[in-house]
Amino acid sequence: MIFNELDEGTSVTLQPSGKFDLVSAPPLKARIDDLVRAGKPRIVVDLSAVDFIDSSGLGALIGGLKAARQEGGDLRIACAGDQVKAVLKLTNLDRILAPYGTVEEARHDW
Amino acid sequence: MVDGRAAAREAGILSPDDGHDNRLQVVLGDVMGKGLAASLIASEVRAVLRGHSRYSDVGGAVNATWLTTRHDLEANSRFSTLWVGRLDPSTGAIEYVDAGHGLAGIVGPRGWRLLSQPFLPLGMPVDETWTQATDVLAEDEQPLVVRRRLRRPGRLLRRRRRQAARDLGPGAELQGDRRQDRHLRRRRGCYRRRHRRRPAARPDDPIDDDPIDTDAIDTDAMTTGP
């Protein structure tokens, strides 16, 4: 999976695109793990270009969230589409992965 | 009655069990991911939950299952959604826990109501305690647990409601609830993009480890009633 990455100093923004599923989730999760290990545990995942997410994609986000929090950081999602929001709502995962409207909002206190 | 054929072919958890003082327990779950690891963890969650269900109420069984499977879920970065319901056919009383499943309800000629709770799935990086809720089915109602990715849950519920009205006899009046139908239509929207009809599975097909392949499911087999 090809995804854009923007290092903004205090945080890193990752932007996957297309389907966030079994195929595309592992590379993103691996990159999140690399960033956390490299001392950059504040990560925003910009989902504006994602039109579908399945349980593997959710798992990558939850795994990344867990890894980031263990290192004192956080993983936040921004610009989620209707399908992503609906899946988060249905599984109640919006309780721990609250979708922010924009990347700027997601990193407002970093 | 509930049919376990689907569970034998998938990594999801569909576990009918009638060993609880003549009560029927139905479990529908999904372990995140695909492949052998997800299948093994799904089997573990299913077996552990079935074991704890022998000695605990529904809420206690789910909490005990989390404690037992926590290490494996966390070590493999997995999580599992669950809907667990235990129905007493003699009274219609149903105890249930919804751990991030979200698509279960009671359907009857007067409409439907959700049996959902705001709990997280098992395996989240935050503390959670699952407590059971209760409801009572009227004689003309039936529980319905819908699997993820169902194409048209609203259509299914309307069909069930019409069936329930027919069961009451020719004089029965169907009382639809358009607001509820709209709510379901919004919920189903999240699954529409990826829905492409696949050929039905045959007995000699290799095991499909996708836990949420709607087309292989006979939704009639997933409902039960007193």
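Residues numbered from 1 in each chain as written. Chains lettered and ligands numbered in written order. Predicted model: local features only at pLDDT ≥ 70, side-chain atom pairs only at ≥ 80, totals over all residues. Heavy atoms only, no water.

## Focus on the overall build of chain B
Next up, step 1: Looking only at helices and strands, chain B has five helices and nine strands in total.
Next up, step 2: For chain B, the succession of helices and strands along the chain, N to C, is α-β-β-β-α-α-β-β-β-β-β-β-α-α.
Next up, step 3: In chain B, buried positions account for 53% of the 226 residues.
Next up, step 4: Considering only contacts in chain B between residues 6 or more positions apart, those separated by 24 or more positions represent 69%.
Next up, step 5: When the accessible surface of chain B is summed, it comes to about 10,700 Å², and 48% of that surface belongs to carbon and sulfur atoms. (Helix = DSSP H or I, 4+ residues; strand = E, 2+ residues; numbered from the N terminus. Buried < 20%, exposed > 50% of the residue type's maximum accessible area, 1.4 Å probe, protein only. Contact = heavy atoms within 4.5 Å. Areas by Shrake-Rupley, 256 points an atom, 1.4 Å probe, with all protein chains shown as cover.)

## What about the packing of helix H2 (residues 36-53) of chain B against helix H3 (residues 58-75) of chain B?
Residues and elements named next belong to chain B.
Next up, step 1: Direction vectors running N to C along H2 and H3 enclose 150°, while the axes themselves pass 9 Å from each other. Regarding the angle of H2 to H3, the classification is roughly antiparallel. In this structure, H2 crosses over H3, and the sense of that crossing is right-handed. Residue-level contacts link Ile41, Glu44, Val45, Val48, Leu49, His52 and Ser53 of H2 to Ala61, Val62, Ala64, Thr65, Thr68, Thr69, Asp72 and Leu73 of H3.
Next up, step 2: Residues that form the contact of H2 with H3 fall into these classes: eight nonpolar, five polar and two charged. (Axes fitted to C-alpha atoms, helices over the stretch in contact; angles between N-to-C directions. Parallel < 35°, antiparallel > 145°, perpendicular 65-115°, else oblique. Left-handed = near helix turned anticlockwise from the far one by under 90°. Nonpolar A, V, L, I, M, F, W, Y, C, P; charged D, E, K, R; others polar.)

## A few points about the interface of chain A and chain B
Accessible area lost upon the coming together of the parts serves often as the stated size of an interface.
Next up, step 1: Opposite the 22 residues of chain A that make contact, chain B presents 25 residues.
Next up, step 2: Along the contact surface separating chain A from chain B lie one salt bridge.
Next up, step 3: Here Arg95 of chain A makes a salt bridge to Glu128 of chain B, at a shortest N to O gap of 2.7 Å.
Next up, step 4: For the pair chain A and chain B, the number of links is four residue pairs in polar contact (both at pLDDT 80 or more).
Next up, step 5: Elements represented by at least two residues in the side of chain A that touches chain B include exactly strand E5 (49-53), helix H2 (55-70) and helix H3 (82-90) of chain A.
Next up, step 6: Element by element, the count of residues in the side of chain A that touches chain B is highest for H2 of chain A, at eight residues. (Salt bridge = Lys/Arg side-chain N within 4 Å of Asp/Glu carboxyl O. Polar contact = N/O pair within 3.5 Å; in protein donor to acceptor, adjacent residues only side chain to side chain.)

## What to know about unusual backbone geometry
Trans is the prevailing form of peptide bonds, just as negative phi is the prevailing case for residues other than glycine.
Next up, step 1: Not every positive phi belongs to a glycine, and Asn92 of chain A is a case in point at roughly 65°.
Next up, step 2: Its identity as a non-glycine residue notwithstanding, Ser77 of chain B has a phi of 50°, on the positive side.
Next up, step 3: Relative to the assigned elements, Ser77 of chain B resides in the loop between H3 and strand E4 (80-87).

## Topic: the pairing of strand E2 (residues 12-15) of chain A
All names here are of chain A.
Next up, step 1: Where strand E1 (residues 4-7) and E2 come together, four bridges link them in antiparallel fashion. From the neighbouring strand, Asn4 faces E2, where its bridge partner is Gln15.
Next up, step 2: Connecting E1 to the next strand, E2, in antiparallel fashion are four residues, including Gly9 with a positive phi near 85°.
Next up, step 3: In terms of strand pairing, E2 meets strand E4 (residues 42-46) through three bridges, oriented parallel. Within the sheet, the bridge partner assigned to Leu14 lies in E4 and is Val45. (Pairing = 2+ DSSP bridges.)

## A short note on the sheet that holds strand E6 (residues 104-108) of chain B
Residue and element names in this part refer to chain B.
Next up, step 1: Strand order in the open sheet made by the three strands is E7-E6-E9, with antiparallel pairing throughout. With one partner strand each, in any of the chains shown, strand E7 (111-114) and strand E9 (142-145) form the two edges of the open sheet. The mean angle between the axes of side-by-side strands here comes to 30°, regardless of whether they run parallel or antiparallel.

## Side note on the confidence of the model for chain B
Residues and elements named next belong to chain B.
Next up, step 1: Confidence along chain B averages 72 in pLDDT terms, with 56% of residues attaining 70 or more.
Next up, step 2: By mean pLDDT, helix H1 (residues 5-9) is the weakest element of chain B at 38, and strand E8 (residues 133-136) is the strongest at 96.
Next up, step 3: Low confidence marks residues 172-176, where pLDDT is under 50. Its contacts with residues over four positions away, or in another chain, come to 11 contacts.
Next up, step 4: Below pLDDT 50 for its whole length, residues 205-226 participates in 77 contacts with residues either more than four positions away or in separate chains.
Next up, step 5: Model confidence for the complex: the whole-complex pTM is 0.72, and ipTM, which rates the interface, is 0.87. (pLDDT = per-residue confidence, 0-100.)

## Section: the packing of aromatic side chains
Residues and elements named next belong to chain B.
Next up, step 1: Tallied over the entire structure, the rule returns two aromatic pairs over all chains.
Next up, step 2: Look at Trp66 and Trp130: their rings are 6.3 Å apart centre to centre, the planes differ by 70°, and that puts the pair in the edge-to-face class. Of the two residues, Trp66 sits in helix H3 while Trp130 sits in the loop between E7 and E8, which places them 64 residues apart along the sequence. Each member of the pair, Trp66 as well as Trp130, carries the same accessibility label: buried.
Next up, step 3: Between Trp83 and Tyr96, the aromatic rings sit 6.1 Å apart at their centres with planes inclined by 15°, giving stacked as the arrangement. In this pair, Trp83 sits in strand E4 while Tyr96 sits in strand E5 (residues 93-99), placing the two residues 13 residues apart along the sequence. Comparing Trp83 with Tyr96 shows no difference in burial state: the two are buried. (Phe/Tyr/Trp six-rings, centres within 6.5 Å; stacked < 30°, edge-to-face > 60°.)

## Let's talk about the nonpolar core
Where a protein is soluble and globular, its nonpolar side chains tend to be buried together.
Next up, step 1: If you look at the biggest cluster of nonpolar residues, it comprises 34 residues, and the most contacted ones within it are Phe20, Leu75 and Leu93 of chain A.
Next up, step 2: When contributions to this core are tallied by element, the ones reaching two or more residues are E2, helix H1 (25-37), E4, E5, H2, strand E6 (74-78) and H3 of chain A.
Next up, step 3: The dominant element in this core, judged by the number of residues it contributes, is H2 of chain A, at seven residues.
Next up, step 4: Beyond its immediate chain neighbours, meaning those up to four positions away, Leu93 of chain A contacts Leu58, Ile62 and Leu88 of chain A together with Phe79, Leu120, Pro121 and Met124 of chain B. (Core = buried A, V, L, I, M, F, W, Y, C linked by side-chain atoms within 4.5 Å.)

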